[in-house]
Every structure is written in C-alpha cells, then in structure tokens.
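Next come the chains, spelled out residue by residue.
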Amino acid sequence: MRLSRYFLPVLKEDPKEAQIVSHRLMLRAGMIKQQTAGIYSWLPLGYRVLRRIERIVHEEQQRAGHIPLLMPTLQPADLWRESGRYDDYGEEMLRITDRHKRDLLFGPTNEEMITDIFRAHVNSYKDLPLTLYHIQWKFRDEIRPRFGVMRGREFLMKDGYTFDLTREDALHAYNRHLVSYLRTYERMGLQAVPMRADSGPIGGDDTHEFLVLAETGESEVFYDSQITDLTFGDRQIDYDSHEECQAVMDEFTSRYARTDETHDPALFDQIPQDRRRIARGIEVGQIFYFGTKYSEPMGATVVGPDGARVPVHMGSHGIGVSRLVGAIIEASHDDRGIIWPEGVTPFHVAIVNLKQGDGSTDSACEAIYDQLRASGLDPLYDDRDERAGAKFATADLIGLPWRITVGPRGLANNRVELTSRRTGESEELSPRDAVARIA
Ligand code: ATP
Ligand code: MG
Ligand code: MG
Ligand code: MG
C-alpha cells in the first residue's frame, strides 16, 4: 500500500475522551471512529488488525477440529423464552420489534440459537462430538461503555459451542479449547493467563477466563507468579487425545490464579509471600462447561448407544476479537505509539522515502516495495511529500515492526537503514539484504 493513496486519518492531538492508552492510540492512529457510545466504525488500519486477529482465531479453531458457521445478529425472542433467559438477561439485551410486532433481539451470545440448530439436525450420538463456532458481531447494552473497543456495546466475538454425549467428553472439549486458546493468544504476541472464574448469567460450574495482565484491566486478579513463567510455545498437540489436552490443562491450572469472584484468601495465603501477586487483568476470553442447562429445556437430545434419548452436554467458549485489538496495544506500546506483534500487525514494514521526487531514491523505494510484496509481505510505502520527522512519527505511532529508511546519501553507498520498532536498533544494509532480513 502507498500511503499517498491510503486512508489513514492520524490525529496530531491526544483525543480528550480517551482514558487509557490503547483507546488514545487507536484514535490517534486512525484505526477507529466512534459513531455513538460504544459503537465504532473500523477505519482501514484498524480493520486490517481486526481481520488478522480474526484469521488467527479461525486457523486455531479449525486446527482443533472446530467447524465454522455463521449465525445472524438478530434472533427471535421466542428461542430465549424457551431457555428462560428472555426475562433473566436484563437490560444488557437490546430488544427490537419488527413491523409485524414480533419480538426480536440483537444477540448478546448464541447458546439458544446454536441449540436450536443442533436439535433440528442432530439425532444420534454417532454425530458427536461436535463443535460449531462463529465470529459475529454481538450487542450488549453495557451500562458504561468505555475504553474504546475494550468495552463496546457492539463488539466482535468468537463464540463456539460444544456438543457431547457424556460429561467426560464435554470436559475434553473444554480442555481442547483451553489448549487452542493458549496457542491463539501466543500467536498474537500475548500472554493470557487462564484463571478460575465465576460463570455469571450463562450458568454452569466449570469456567476459566483468560486474562491479559494490565494495570488498566477491569478485573482484579490474584495469582502465584509462577503461573506467568508458563508458555505453550510450538508444542504439537493431538487435539483428539484426552490425555494430552488434560496434561496441558493440569499444567496451566497447577498454580493459583483466580479472579476476584472466586478468590479464596485462605488458599492464596498458602503461596510463599514473594510469589503472591494482586494485579489487574483484561478478560480476553472465557471457556464454560454447563452440562445440560440449555439442552434439557430446549429438547436437544440424541439417541444414545442403548437406544434411549438423552440431552447433550454442552459448553460455550468465547474470545473477545475486537477487545483483543485494545488489549494487545495495552500490552505492547511505548510513548511514541503502538508496537504491533508480528502476528497481528496491519503492515509488516514501513518504507520511508527521505527525498520524495528524487529519481533514484524513488526507484530504490519502488524496487524494495515490489520485492517485499513478492516475498508475501505487506509493506506500507510512505511516499508522501513530507518531512522525514513526520514520516518517522507516523511509522512509530502506527507501530509497524520494521522500518526501511531510504535516502540519497545512503544509496550512494548502496545502503538503507533497517530499524526495529521494538528495540529501536538500526542497521545499515544493502537494499537486498534489508528485504532478506525481514522476508
Ligand atoms: P466482561 O466481564 O468484560 O463484561 P463477559 O464475561 O460479560 O465480559 P463473555 O460473555 O465471557 O463476556 O464473552 C466472551 C468475551 O467477549 C469476553 O471474554 C470478552 O473478551 C468479550 N467481551 C465481552 N463483553 C464485551 C464488550 N462489551 N466489549 C468488547 N468485548 C467484550
Ligand atoms: Mg459482561
Ligand atoms: Mg466477565
Ligand atoms: Mg466472561
């Protein structure tokens, strides 16, 4: 992409409405525009990041054997009357009436609808296990939308639903999700710690939230510092193996880590003092096992091996796709701007032309641009007629991991400058080597 032809409305001033750094940087970098409280347009740069996060989520879900589909944003109220949640859900649910006076709602989550799909089409235990998921906009009329996309009213969520014959199989599905989530967040450059949590309005007993530690997080968390030494890395896991998934679950829940709702001070006090941490975290995902809470009232049953019909065991598993954009920035920025992890960056590298209009500098930039694209990378070429300082400031603000700076003086010696956004370190290299270094 050439910046002169792109749409990147960066702001010079700090927007007053932003209370936390990620919100401020998303507005300044021209990633989002608020349309009304908690409802945002995703401008091109923000949209790119959102799509990259979404793609990682899709890849990791499908690696774990989960099947994508797409359910609508609007749902009939009658489904929610069956489960009893139409009245229970309260004011967070946006209720809508159509021209025929039928009650609809903008889905805050999809347990009822997926259960309806399941009961319409699945009859036998032989069709289990089954995990269906989608990535779709949700609406929750949050009482206090704030922090930009972190607590929006309309937000993008991946929600997956597991259907199993037995509790044991359903717990395997739960463990499988934990494993896939660890991989997912690490690919985004994030450490998200699974913590024992409270099940809230979805109901059920077994639930973990994934929290990114950050001072601006809305949840209070209590943990043993040893939990943050654990990383998943590039382990190869057989997602069908109950033992392998259980082992990962055991490892990642082997240390005390809880949100305030389930915090147990007596247990916490047994951790050696120097390892006790009280901190704040951003909830970026949650996994639930809730048994037959929906399948029973809604009649989602299968014929079991003995010929008798039984309600299926279910779980639901969410990832806050749009919230992750903010959470990643909270975890990765400095006073000049965002520092994107490679896995989610909107562009891989900025090419800064120090003397736009100078024939040989322009053609060197064009050649680098073409080579980067040929090697499968997305460069952003700053070909505007601007001062070098302004170009550097933009590249730093929008947080691209690499910058290649091209000017006539360096080119005279066949040199360009390659700079890492994260470390700030620069190297003088030939244009060819600079491309090879990041490709
Ligand atoms: P919170 O405690 O922050 O209100 P939640 O527990 O109500 O979140 P879930 O029902 O677990 O949310 O939804 C799954 C994920 O969707 C959450 O882990 C979070 O990352 C994301 N999410 C929930 N509410 C919002 C929101 N208002 N804006 C953006 N993302 C959200
Ligand atoms: Mg909530
Ligand atoms: Mg929560
Ligand atoms: Mg939650």
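What counts, and where the lines are drawn
Residues numbered from 1 in each chain as written. Chains lettered and ligands numbered in written order. Predicted model: local features only at pLDDT ≥ 70, side-chain atom pairs only at ≥ 80, totals over all residues. Pairing = 2+ DSSP bridges. Helix = DSSP H or I, 4+ residues; strand = E, 2+ residues; numbered from the N terminus. Axes fitted to C-alpha atoms, helices over the stretch in contact; angles between N-to-C directions. Near = placed C-beta within 6 Å. Nonpolar A, V, L, I, M, F, W, Y, C, P; charged D, E, K, R; others polar. pLDDT = per-residue confidence, 0-100.

> Just give me the short version of the sheet that holds strand 4 (residues 74–76), but keep the residues and values in it.
Spatially, 4-6-5 is the arrangement adopted by the three strands of the open sheet, whose pairing is antiparallel. Among the strands making up the open sheet, the edge pair consists of strand 4 and strand 5 (94–97). The sheet shows a mean angle of 35° between the axes of neighbouring strands, taken without regard to direction. Where strand 5 and strand 6 (residues 103–106) come together, four bridges link them in antiparallel fashion. Bridged to Ile96 within strand 6 is Leu104.

> For the site of ligand 1, give the residues involved together with the corresponding values.
Taken together, 16 residues lie near ligand 1, and Phe155, Gln286, Gly318, Gly320 and Arg323 sit nearest. Elements with a contribution of two residues or more to the shell around ligand 1: strand 8 (154–164), strand 13 (276–291), strand 16 (313–320) and helix 10 (321–331). Looking at the shell around ligand 1 element by element, the count peaks at four residues for strand 13. Looking at the shell around ligand 1 residue by residue, the classes come out as three nonpolar, eight polar and five charged.

> Describe the confidence of the model for the protein chain, listing the residues and the values that go with them.
Confidence in the prediction of the protein chain, expressed as mean pLDDT, is 96, and 98% of residues score 70 or more. Our summary of model confidence lists the complex with pTM equal to 0.97 and ipTM equal to 0.99.

> Outline the sheet that holds strand 19 (residues 349–353), listing residues and values.
Hydrogen bonds between backbone groups are what pair the strands of a sheet, and the pairing can be parallel or antiparallel. Spatial ordering of the open sheet is given by 20-19-21-22-23, a layout of five strands whose pairing is mixed. The strands lining the two open edges of the sheet, one partner per strand, are strand 20 (379–382) and strand 23 (426–429). Across the sheet, the axes of successive neighbouring strands diverge by a mean angle of 20°, strand direction being ignored. Of the strand pairs in this sheet, strand 19 and strand 20 are connected by four bridges, and their pairing is parallel. Paired with Val352 across the two strands is Asp382, which belongs to strand 20.

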